[in-house]
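# Fold and geometry: a report
Each chain, written out:
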Number of protein chains: 2
Amino acid sequence: MMNSHTVHVQDPDLAALAGLLADRTRASFCLALLDGRAWTAIELARHAGVAASTATEHLNLLVTGGLLAQERQGRHRYVRLADPATAELIENLAAMAPRRAAPPSLPAVSRSRALARARTCYDHLAGALGVAITTAMTDRGLLDWEQGLTLTGDGTAWLAELGITLPPARRRPPVRSCLDWTERRPHLAGTVGAAFCRHAFDSGWVNRIGTSRAIALTDAGQRALRDHLSLTGASFVAERT
Amino acid sequence: MMNSHTVHVQDPDLAALAGLLADRTRASFCLALLDGRAWTAIELARHAGVAASTATEHLNLLVTGGLLAQERQGRHRYVRLADPATAELIENLAAMAPRRAAPPSLPAVSRSRALARARTCYDHLAGALGVAITTAMTDRGLLDWEQGLTLTGDGTAWLAELGITLPPARRRPPVRSCLDWTERRPHLAGTVGAAFCRHAFDSGWVNRIGTSRAIALTDAGQRALRDHLSLTGASFVAERT
DNA sequence: ACGATCGTTCGGCGCGGGCCGAAGAGTCCT
DNA sequence: AGGACTCTTCGGCCCGCGCCGAACGATCGT
């Protein structure tokens, strides 16, 4: 039985959702959380340059609004993006948003260079590294861009060879193109992108640089990319410290 | 030569973009414009229940913000969504936004029933009609949902048989799943969805109901759906007046 | 020429929301 | 037990912004 005729059309409260992101501080929180990790309230407060009390209020709004999930451990309040759909929404918004000139301070430049090389974008790899991997996979026929982005049979076999098993396809698409705001080129996201990223961390191919969202490609990682993707290059390799 | 190392990372001004949609009136404008047509300033003002002067200010913001495109004809100011990417962004936001109870006035109920049956969603067909067509195409093997949404070889042939020629694939994906806020099921969008919708209007399969975004399936349209998709049903057929 | 309609500009009003600092509760470490 | 740290609550400030009405200019119809 259809009962759609008894359902009143309820307008989506677009303004309420957009209002959550319409504040500099809250937007800064969400962009920071795009690295996929859980941050504490004070980390976010310092990141955005506001008082702890202000951060608390903003986090309350974002959590009750459903954009953020929180988890309390001891005296810490950890928050992260609620789910991949939320991350995707923020990515899309960020990709369309106008740029805002950042103060080109010296440490900021060095940080931005590390971020441009390689970083996580929610649950997958981004930066020059993410783009290079995606391009190499396309060149080897593992990905197909003809109709949107799809994983080829060769691609499935290649993943299996690496020991990456994919969860059964549910709501979330296995492969998805993600365009973030430093690299202006698309890179691999979706469950495959997430699985590959996890595999790269587990196999020691990449490591986090300190506590930032930037990551560094290890020697093992360079070998792996050369062996499995014939991928060599310098643009995504971190400088020696 | 890579020159990415000279490019300063500029944070996307997410708050500015979200701020454009963070107002009830502006959000109401954008949702109305999701039907894909151009509206005049006063039409939007009346739709949202604000003074003309207020609408002018909001439209200025939305146009300079890049979300809307405008065209002036005589004393009229026509505005429409800037491009398909903008429409998609608003769709995604609307799909995630919390529902807001609408006052269930009697004319509103009747209007909502017509909208639920069949309407345009930006440039493609939506409502029960859009969902039924999409489902039928899937059942006949014209669409494949295994890896995201793709058009099969049979699907391409079927479109050619109808006389629908597709523009060469550029940035915009040929098929895309669109989830709007009345039907909670996905329906066909992308360039294929747009081309099919245009074909349906050109062939007299559907007509606009007055000046609303609701549409009515004609007798010719019912025959076409039966012949080409073995699709029969009542949920998407308008009542006789 | 005239009224009618559409759109814009401007001044002014009022409210909401973002910010802080101070005070306090809860947690961890030593 | 004590200090250090994280987080929350509250009061208060103030700016921004969404709203309107009035006046005006522009355009269309007759």
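Use the structure listed above.
The following paragraphs examine the structure supplied in this document. (Residues numbered from 1 in each chain as written. Chains lettered and ligands numbered in written order. Predicted model: local features only at pLDDT ≥ 70, side-chain atom pairs only at ≥ 80, totals over all residues. Heavy atoms only, no water.)

### Some points on unusual backbone geometry
So the rule is basically this: Counting from the N terminus, the helices are DSSP H or I runs at least four residues long and the strands are E runs at least two residues long. Each residue gets one of three labels from its accessible area relative to the maximum for its type: buried under 20%, exposed over 50%, partly exposed in between, using a 1.4 Å probe on protein chains only.
Even without glycine at this site, Tyr122 of chain A takes up a positive phi of about 60°. Following the sequence through the fold, Tyr122 of chain A ends up in the loop between β6 (119–121) and β7 (124–126). Judged by its relative accessible area of 15%, Tyr122 of chain A falls in the buried class. Phi angles above zero are rare outside glycine, and Ser230 of chain B is one such case at about 50°. By the secondary structure assignment, Ser230 of chain B is in the segment after α10 (219–229). Ser230 of chain B gets classed as exposed once you look at its relative accessible area, which sits at 53%.

### Some remarks on the protein's contact with DNA strand C
Our working definition: Working definition: residue near molecule or strand if any one of its non-hydrogen atoms lies within 4 Å of it. Distance and chemistry together define a polar contact, namely a pair of N or O atoms within 3.5 Å, with one atom able to donate a hydrogen and the other to accept it when in protein, and with adjacent residues in sequence counting only for side-chain atoms on both sides. Gly is placed with the polar residues, together with every amino acid not listed as nonpolar (Ala, Val, Leu, Ile, Met, Phe, Trp, Tyr, Cys and Pro) or charged (Asp, Glu, Lys and Arg).
Around DNA strand C there are 23 residues in total, and Thr25, Thr54 and His58 of chain A together with Arg72 and Arg75 of chain B lie nearest to it. A distance of 3.0 Å is found between a phosphate oxygen of DNA strand C and a backbone nitrogen or oxygen belonging to Ala51 of chain A. In this structure, Ile42 of chain B approaches DNA strand C through a main-chain N or O atom, which is 2.8 Å from a phosphate oxygen. Where the surface near DNA strand C is concerned, the elements lending two or more residues are α2 (24–33) and α4 (52–64) of chain A together with α3 (41–48), α4 (52–64) and β4 (76–81) of chain B. Each residue belonging to the surface near DNA strand C can be placed in one class, and the counts come to five nonpolar, nine polar and nine charged.

### Focus: the protein's contact with DNA strand D
What surrounds DNA strand D is a group of 22 residues, the closest being Thr56 and Arg72 of chain A together with Thr25, Thr54 and His58 of chain B. For DNA strand D, the backbone portion of the atoms within 4 Å of the protein, that is sugar and phosphate, comes to 72%. Taking Ala41 of chain A, its main chain carries an N or O atom lying 3.4 Å from a phosphate oxygen of DNA strand D. Contacts to DNA strand D include Thr54 of chain B, whose side-chain N or O atom sits 2.8 Å from a phosphate oxygen. Secondary-structure elements contributing two or more residues to the surface near DNA strand D are α3 (41–48), α4 and β4 (76–81) of chain A together with α2 (24–33) and α4 of chain B. Across the surface near DNA strand D, the residue classes tally to five nonpolar, nine polar and eight charged.

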